[in-house]
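# A closer look at the structure
Next come the chains, spelled out residue by residue.
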Amino acid sequence: MATMDMAARGDSAKVLSPAALQRIPAQLIFRVVTGIAALVTFGLIFVMLFFLVVYAYPAIRFNGLEFLTSSIWNIGNQYGSGVTTRNGFTGAPGASFGALVFIFGSIVSALLTMVISVPLSLAVALSLVYTVPRRIRPLANALVELMAGIPSVVYGLWGLVVLVPWIANAFGPFVTSKLGWIPFLGGQIGSGNGLIASVFILSLMVIPIMVATTRDVILSQSNSIFEASMALGSSSWQAMTRAVLPSVRAGVVASILLAFGRAIGETMAVLMVCGAAINVFPQNIFSPVNTIAAVIVSQLESALTDSTGMAQRSLAELACVLFVITLIINVIARGIMRGADRAEGRKS
Amino acid sequence: MRKMLALALAGLVVACAGGGGRAFAGTNLLETGSTLLYPLMNLWVADYQKEHGDVQITTQGTGSGTGISQAIAGVAQIGASDAYLADAQMKNSPMLNIPLAISAQQINYNVPGLNNVHLNLSGPVLAGIYSGAIKTWDDAKIKAINKQYASKLPHLDIVPVHRADGSGDTFIFTQYLSKSTPSWSNGPGYGTTISWPSVSSAVGANGNPGMVQTCQNTKGCVAYVGVSFLDQAHKAGLGYAALQNKSGKFVLPTPQNVGAAAAALDKHTPQDERISLVFAPGANSYPIINYEYAIVNPKQQDGAKAAELKKFLDWALTKGQNSKYLGAVHFLPLPGSVVKMSQAQVNKIK
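All residue numbers here refer to positions counted from 1 along the written sequence of the relevant chain. Whichever chain is written first becomes A and whichever ligand is written first becomes 1, with later ones labelled in order. Two thresholds apply to this predicted model, a pLDDT of at least 70 for residue-level local features and 80 or more for giving and counting side-chain atom pairs, whereas whole-chain, interface and lining totals are computed over all residues.

## Some details on the interface of chain A and chain B
As a reminder, the rule being used: C-beta atoms are first placed from the backbone for all residues, and any pair lying within 7 Å is then listed as a contact. Counting from the N terminus, the helices are the DSSP runs of H or I reaching at least four residues and the strands are the DSSP runs of E reaching at least two. In this count, Pro and Cys sit with the nonpolar residues alongside Ala, Val, Leu, Ile, Met, Phe, Trp and Tyr, while Asp, Glu, Lys and Arg are called charged and the others, Gly among them, polar.
Counting from both sides, the interface comprises 37 residues of chain A and, opposite them, 36 residues of chain B. At the level of elements, strand 1 (73–74), helix 6 (152–179), helix 11 (268–273) and helix 12 (292–303) of chain A are the ones that each hand at least two residues to the side of chain A that touches chain B. A total of 5 residues in the side of chain A that touches chain B trace back to one element, the largest contributor, which is helix 6 of chain A. Its residues assigned to classes, the side of chain A that touches chain B shows 18 nonpolar, 18 polar and 1 charged.

Here it is as structure tokens:
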């Protein structure tokens, strides 16, 4: 495209040849179409956020800062008389919406998921590229891609039927008896629905995605870094960790953030195993939690019957918060990528 | 999960019905809402359509809240709901609340060694459990109402399970706590979703199947489950409690006791039939029962649909009360006087 660009400009500076005339409209159309496509993409995000904020505005005023600091979520007494009025906006009597429990649950479950899945994914990606025997590689790659494509409710159902009872009856008792002295690993196990169940399910869901993206990034680097490092006498472990991984740092960070975004936004699978905590923070890794995405789904049904509409609008405000968190993650991701690119640029 | 799927399907069905691209020439009706009523609606509709080939009724289990809002929006002709509309909602959008059947709710528990007997539980004890004041099964307050099993009650943590999604079952369960326990009434109160007290062991589960599944997984659990899931709860090996009624007697959700509670309140049912049947008076009245409602807009947009809607509801209130339909989901027929009131409401549909 760059050469075409230069050619077009060079031609138009001189006398326009018939061939150039033919080329310019194509160039124009291409630019206009891609420009519109770019605007639509950008515009869609803007329009979505705009409508979300407009819809949530009464809730933003009604809830104030308490939305981010309070841990009590109460849609109010739908069958009571009167209303609660704050800042000129009304909710059902006794209504107060604090999202701290859900924000905490979203962030903590996504972070713990990263703690488990980042090292595992890196290990799997590296072994897929360097150590898995060539004959098995296509099969292993196909399996990873298959796992990445499984719908989330399937993971959720498996989690509810298999994983949750296993946590309640085997994993939980084992951890609390052997490692219970470590903070947040001891205490009540409860039903098995909870933080650790969500984290395990989320890890299962994001590991294939991270493996696939990291593997592609490593493959895009030529094999020469690995081979050069080996030639200099390093072990394959040293070659992978000291030479290959640093060279693909930006790509790896991007895939981690992609996975984080997926983990924090996952709804159905989490809803099925998280234990849907409300008004209470987890006491240990087995305690029920709740996430923003899950609570929007589970509370929608009752919010629909709120005659003041404030419950629905507060759910929209929750959606705004999730939107903002995702946006922040993306901005950080871009910043890291750019920083890494610049650092690499200086080196070369 | 089924709810989401149903929501997506609802849109599709509406789009198809509106498109006029169907080969079916008769009238289409859409019923959506309560997952407790859904199995009964399917039994009803299957037989009704054998007699009436000119009407096509689509049924959906989407949850009471969706049913109510889609009936108000005019998307569905029947919004099935376990709860009647609140005054504030009636003011915004006056709808008919037409009882179709009587349902009940059992309190299931999973206490090893005691699942084959019926422990006694009361409103104040359940309120204590759900607010975190009563923490273990050998608590003195539980022993006091279960003297015959006092030595067998284990020192086991209680895990109170509640619905994570909005639910008519939460509505009637919290009504029982509110009516029997002043501190609950002044605190969390009742509704299809409530602000549950902060209890770290409390678990939220999705739908009645999720309640049964979670309770089965969890030793020490207590859960409220719609009576149409009695068979599933039994298969899961869970026990169910005898509940203390207004007269102080502990009673089981047998058809006789549920019927006694319904009979105690049929005379008190107002013309618009919005009444709670929970904590009914009477020596044998089972304390957690409710009317299952069809929420219907009295002013239908389409005359032909209104006529077919009236015919179907009238059939449900007469032939539909047969125990071959209701018995399959452990519902009970409406008392005669209530059927008359429901029919009077059906006649208001225009």
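Next comes the rest of the description.
## Some points on the sheet that holds strand 10 (residues 242–244) of chain B
Pairing between sheet strands relies on hydrogen bonds along the backbone, with the strands arranged either parallel or antiparallel. Residues and elements named next belong to chain B. Put simply, the rule is: Two strands are counted as paired when DSSP detects at least two bridges linking them.
In space, the 3 strands of this open sheet follow the order 5-10-11, with mixed pairing throughout. Where the open sheet ends on each side, the last strands, each with one partner, are strand 5 (120–121) and strand 11 (250–251). Where strand 10 meets strand 11, 2 bridges bridge the pair, whose relative direction is antiparallel. Bridge pairing links Q244 to F250 in strand 11.

## Structural notes on the pairing of strand 1 (residues 27–33) of chain B
Residues and elements named next belong to chain B. For the record, the criterion: Three exposure classes are used, all based on how many other C-beta atoms lie within 10 Å of a residue's own C-beta (placed from the backbone): buried at 20 or more, exposed at 12 or fewer, and partly exposed between those limits. Orient the strands so they point away from the viewer; a crossover is then right-handed if the path from the first strand over the helix to the second runs clockwise.
The element strand 1 is largely enclosed, with a buried count of 5 among its 7 residues. The parallel pair strand 1 and strand 2 (residues 55–61), bridged by helix 2 (residues 38–51), forms a crossover whose chirality is right-handed. Across 3 bridges, the pairing between strand 1 and strand 3 (residues 78–81) is parallel. What sits directly across from E31, in strand 3, is I78.

## Considerations on the packing of helix 5 (residues 137–149) of chain A against helix 7 (residues 195–220) of chain A
The description of two helices packed together rests on the angle between their axes and the distance between the axes. Residues and elements named next belong to chain A. Our working rule: Here an angle of 0 to 180 degrees is reported between the N-to-C directions of two axes, which are lines fitted to C-alpha atoms, with helices fitted over the stretch in contact. Any angle that falls under 35 degrees is termed roughly parallel, while one over 145 is termed roughly antiparallel, one within 65 to 115 roughly perpendicular, and all others oblique. Crossing handedness is read from the near helix: turned anticlockwise from the far helix by less than a right angle, it gives a left-handed crossing, and turned clockwise, a right-handed one.
Closest axis-to-axis distance for the helix 5/helix 7 pair is 8 Å, and the angle between their directions is 130 degrees. Comparing their axes, helix 7 and helix 5 come out oblique. In this structure, helix 5 crosses over helix 7, and the sense of that crossing is left-handed. Where helix 5 approaches helix 7, its residues V144, E145, M147 and A148 are matched on the opposing element by P208, I209, V211 and A212. Its residues assigned to classes, the contact of helix 5 with helix 7 comprises 7 nonpolar, no polar and 1 charged.

## Concerning the environment of A144 of chain B
All names here are of chain B. Considering the arrangement of structural elements, one finds A144 in helix 6 (residues 140–144). Accessibility expressed as a C-beta count within 10 Å gives 12 for A144, which makes it exposed. As a C-alpha pair, A144 and N120 span 24 residues in sequence and 9.7 Å in three-dimensional space.

## Side note on the environment of Y149 of chain B
All names here are of chain B. Turning to its location among the elements, Y149 is positioned in the loop between helix 6 and strand 6 (159–163). Considering only alpha carbons, one finds Y149 and I107, 42 residues apart in sequence, at a separation of 18 Å. Once residues within four sequence positions are removed from consideration, Y149 is found in contact with L114, V117 and L119.

## Some words on the pairing of strand 4 (residues 96–109) of chain B
Residues and elements named next belong to chain B. Counting buried positions along strand 4 yields 14 of 14 residues, so the element is predominantly enclosed. Strand direction decides the pairing type here: strand 4 and strand 12 (residues 289–296), joined by 8 bridges, are antiparallel. Within strand 12, the residue paired with A104 across the bridge is I289. Looking at chain direction, strand 4 and strand 8 (residues 221–226) are connected through 5 bridges and run antiparallel. Counted as the bridge partner of Q105 is G226 from strand 8. In terms of strand pairing, strand 4 meets strand 9 (residues 239–240) through 2 bridges, oriented antiparallel. Looking at strand 9, one finds that Y109 is bridged to G239.

## Quick word on helix 10 (residues 249–265) of chain A
All names here are of chain A. For clarity, the cut-off: Residue count minus one, scaled by 1.5 Å, sets the expected span of a helix. Along the arc lie the directions from the helix axis toward the C-beta atoms.
Here helix 10 is 17 residues long and its end C-alpha atoms lie 24 Å apart, about the 24 Å a rise of 1.5 Å per residue gives. All buried positions along helix 10 are accounted for by V252, S255, I256, A259, F260, A263 and I264. One side of helix 10 holds all its buried residues, which, seen down the axis, span an arc of 170 degrees.

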